[in-house]
Amino acid sequence: MDGYEPMQTMEEDDHGPVIKISQADSVRVKFELSNADISFANSLRRVMLAEIPTIAIDLVEIEENSTVLADEFIAHRLGLIPLNAEGVEHLLYSRDCDCDEYCEHCSVKLTLHAKCTTEENMKVFARDLIPSGDRINQVLGSPVISDPDGQGSLLMKLRQGQEIKLECIAKKGIAKEHSKWAPSAAIGFEYDPHNKLHHLDMWYEKDVKSEWPPSEYAHLEEPPREDEPFNYDAVPSHFYFNVETAGNLPPDVIIAEGINVLQKKLAGLIHELSEEGKDGDYDGPRSPEFNGGGDGWGQDQGYTTPGYGAGGNQSAWGGQGGTTPYGQTPYGGSGGWGQ
Amino acid sequence: MAPKSKTQKETPEEVVASEADVAMTEPPTSHQPAVEDEDASMKDGDPFDDEEGQNAEDEDEDEEEEQQRVKLLPGSTPTAASFEFLEEGHTLGNALRYIIMKNPDVEFCAYAIPHPSEAKMNIRIQTYEGTTAVQALEKGLKDLQDLSDVVTEKFKASREEFAARMSA
Ligand SMILES: [Zn+2]
């Protein structure tokens, strides 16, 4: 736990990050992360947004469609229906499964069959998607129904005589691949409500105050005094999160799972680094001394982009000084980074 | 993907061959057709000709499973190295850069995503004498893990405290 001393402007607990929850229910969690760096806070936001596995419809086989909507339109719409992702950690990714296309270990099957027989138009809802076949548990892949009428999202409307009959295959995935797998409807992320750090321009037409009403977190931080000079050393340190679920995972789980995904990422890389230390992998990240110098440090082919230089010390990052506008830096090499 | 050099291939090839020998009783789990019987005589010989091609395919499959995700870029020295991470982006890059910079033995650390349509992230680490860039990277990853552990614990604690406050 050594290494991350709190930032300069820390008034509270000097022992690592602090979390304060201001609201928590089945739909959202609002919390404040403080004593942490913006880079970590943003990693948490990004990972919750894009890398938590959930389940969503990925394949649709349409047997009958006499509605006014095109097959592709309906298939896309079905993909966006939130499905309950409880227990999705026990579901395999289809690409990792032994089956040919999909099976009960890597997918959930849902069927939809509706025909309008009355003169009145018929509405088809997400609740009409019926899970069938073996499932990991009784809820995984069921459509999320959170409205008081218990109907779920409206899928389409049918006129008299129109019919829809289809089969959907829901698969595990992450939102980095397609946003239909996002567990969160939205993640609010805010810091510095008084814009003391000038990270925002706050463009206005006539009057700043009325055109930029105070943030809901404004009362939690000291507003700047009229004559306060700009602090060039200040860094953001309080981050206000608002994690709202789409219904597939409880908001608490989104946060816990987000950190979990980050942990797995790190563990995988640590494992890879230590593995490579043991066996004699050629281009593994090891010190050149152990490797007999030049060769092995990446093959000759594939690294000829001008950015990195073709070989050895000529690269923009470690070469001899003097060729860049920055010239010789106190660090010895030529600072391609300008630092 | 650029074709791999010959030197890289040699080790995995042997592994593939020996695995195939052991698992003969069971059908292959991959979708690849079982070709062992066709030219079983070649198994003992040197891996030449079409065997080469066949193994290369098998290897490609293994490659996808256990793709090497960290690579040292050319021009690196023990105390000044650039690493290339595959399938990583700002999510890991910025937090890792921050935590590595916190290490007092590190002189410089920065990350970059050279091209937005290539899923690659580069980290440059320069250390003072006494530690290496690889060690600094490993320490950074572990420190970030510890930080994540702390945040998980803190979140659980405040969530329980909040629940208790609400029910009181
Ligand atoms: Zn399967």
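Analysis parameters
- Residues numbered from 1 in each chain as written.
- Chains lettered and ligands numbered in written order.
- Predicted model: local features only at pLDDT ≥ 70, side-chain atom pairs only at ≥ 80, totals over all residues.
- Heavy atoms only, no water.
- Helix = DSSP H or I, 4+ residues; strand = E, 2+ residues; numbered from the N terminus.
- Buried < 20%, exposed > 50% of the residue type's maximum accessible area, 1.4 Å probe, protein only.
- Contact = heavy atoms within 4.5 Å.
- Areas by Shrake-Rupley, 256 points an atom, 1.4 Å probe, with all protein chains shown as cover.
- Salt bridge = Lys/Arg side-chain N within 4 Å of Asp/Glu carboxyl O.
- Pairing = 2+ DSSP bridges.
- Axes fitted to C-alpha atoms, helices over the stretch in contact; angles between N-to-C directions.
- Core = buried A, V, L, I, M, F, W, Y, C linked by side-chain atoms within 4.5 Å.
- Domains from an automatic or database assignment.

Another aspect to go through is the overall build of chain A. Within chain A one finds 4 helices and 10 strands. Listed N to C, the secondary structure of chain A is β-β-α-β-α-β-β-β-β-β-β-α-β-α in terms of helices and strands. In chain A, buried positions account for 42% of the 339 residues. Long-range contacts, defined as pairs at least 24 residues apart, comprise 71% of the intrachain contacts of chain A with a sequence gap of at least 6. Element-wise, carbon and sulfur atoms account for 49% of the exposed surface of chain A, whose accessible area totals about 18,600 Å².

Under the counting rule described, the total for this entry stands at 15 salt bridges over all chains. Of the charged contacts, one joins Glu63 of chain A and Lys165 of chain A as a salt bridge, the two residues approaching to 3.2 Å between their closest N and O atoms. One end of the pair, Glu63 of chain A, is in strand S3 (residues 54-65); the other, Lys165 of chain A, is in strand S8 (residues 163-173), with 102 residues separating them in the sequence. Here Glu63 of chain A falls in the exposed class, since its relative accessible area comes to 61%. Residue class for Lys165 of chain A comes out partly exposed when judged on its relative accessible area of 30%. Across the salt bridge formed by Asp128 of chain A and Arg127 of chain A, the nearest N and O atoms sit 3.6 Å from each other. For Arg127 of chain A, a relative accessible area of 39% corresponds to the partly exposed category. Bridged by salt links that share partners, the residues Glu51, Lys176 and Lys265 of chain A together with Arg69 and Glu88 of chain B form one connected network.

Residues and elements named next belong to chain A. Spatially, the 4 strands line up as an open sheet ordered S3-S8-S4-S6, and their pairing is antiparallel. The open sheet has two free edges, formed respectively by S3 and strand S6 (130-132), since each of these has just one partner strand. On average, each strand axis in the sheet is tilted by 30° relative to the strand beside it, whichever way the strands run. Bridge count for S3 against S8 is 10 bridges, and the pairing is antiparallel. Residue pairing in the sheet places Val60 in a bridge with Cys168 of S8. Running over the sheet, helix H2 (residues 71-79) touches S3 and S8 and is turned about 155° from S3.

Turning our attention to the nonpolar core. Counting residues in hydrophobic clusters, the biggest one holds 79 residues, and the most contacted among them are Phe31 and Met48 of chain A together with Phe83, Phe85, Leu96, Ile125 and Leu137 of chain B. Here this core gets 10 residues from one element, more than from any other, and that element is helix H4 (residues 133-167) of chain B. Each of domain 1 (1-52 + 233-280) and domain 2 (54-87 + 103-181) of chain A accounts for three or more of the residues forming this core. The contact partners of Leu96 of chain B, leaving out residues within four places of it in the chain, are Phe85, Ile123, Leu137, Gly140, Leu141 and Leu144 of chain B.

Just geometry here; none of it tells us what the structure is for.
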